[in-house]
Amino acid sequence: MLTTRPKQTQDGQPVIIGWREKVSLPQLGVGTFFAKIDTGARSAALHATHIEKDDHHVTFVLPLKRRHHHCRLPLKGMRKVKSSSGHTETRAVVETEVKIGKLILRMEVTLTDRTDMGVAMLLGRASLGAQFLVHPAKTNLLSPRTRKKP
């Protein structure tokens, strides 16, 4: 499967994305869940618990939708991240594919406990790149809409 990063739409404009989108993590076998698009954040962060590192890999639990996904990825490194509250934390960094609508983006993601944050994933400006514009009043612009049948 090819990883795509749109530079712009067919009419030459950046891709418009909502402030919240449904994403999936195909490399980890994780189905759709909500991610917040945050232009104030630099990098991407994923909710993870029971994070254990060795020299080359990191294992963690990704608790979503009453299900706990046990994951293992190569450890790309460690990074100091300063939260919006000013607290600095050293986090494990992994690289994985993030699917938003039909687009698949390969990005670096830090692992942290986001229990009190409302959404399991945060996508910052550097993880998305310059080809997107964020519409602050819209959600799910790239995510397929599913309608319940009566």
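(A) Inspection of the nonpolar core at higher detail. One finds L25, F33, L46, F60, M121 and L123 to be the most contacted residues of the largest nonpolar core, which totals 32 residues. For this core, the secondary structure elements donating two or more residues are β1 (15–25), β2 (30–38), β3 (44–47), β5 (57–64), β6 (67–74), β8 (88–100), β9 (103–112) and β10 (121–124). Ranked by residue count, the leading element in this core is β9, at 5 residues.

(B) Inspection of the environment of I17 at higher detail. By the element assignment, I17 lies in strand β1. A relative accessible area of 0% means that I17 is categorised as buried. Separated by 115 residues in sequence, I17 and F132 place their C-alpha atoms 6.5 Å apart. Ignoring sequence-local partners within four residues, the contact set of I17 consists of I37, I100, F132, L133, V134, H135, L141 and L142.

The rules behind the values
Residue indices follow the written sequence of each chain, beginning from 1 at its first position. Local features in this predicted model are restricted to residues of pLDDT 70 or higher, and side-chain atom pairs are both shown and tallied only at a pLDDT of 80 or more, whereas totals for entire chains, interfaces and linings draw on every residue. With hydrogens and water stripped out, all remaining heavy atoms of the structure feed into the side-chain values. Within this scheme, the nonpolar core is defined by two criteria: the residues are buried Ala, Val, Leu, Ile, Met, Phe, Trp, Tyr or Cys, and they are joined through side-chain atoms within 4.5 Å. Here's how the labels work: a residue is buried when its accessible area is under 20% of the maximum for its type, exposed when over 50%, partly exposed in between, all with a 1.4 Å probe on protein chains only. Numbering of helices and strands starts at the N terminus; helices are DSSP runs of H or I of at least 4 residues and strands are runs of E of at least 2. Whether two residues are in contact is decided by their heavy atoms, any of which lying within 4.5 Å being enough.

All we've got here are geometric facts, nothing functional implied.
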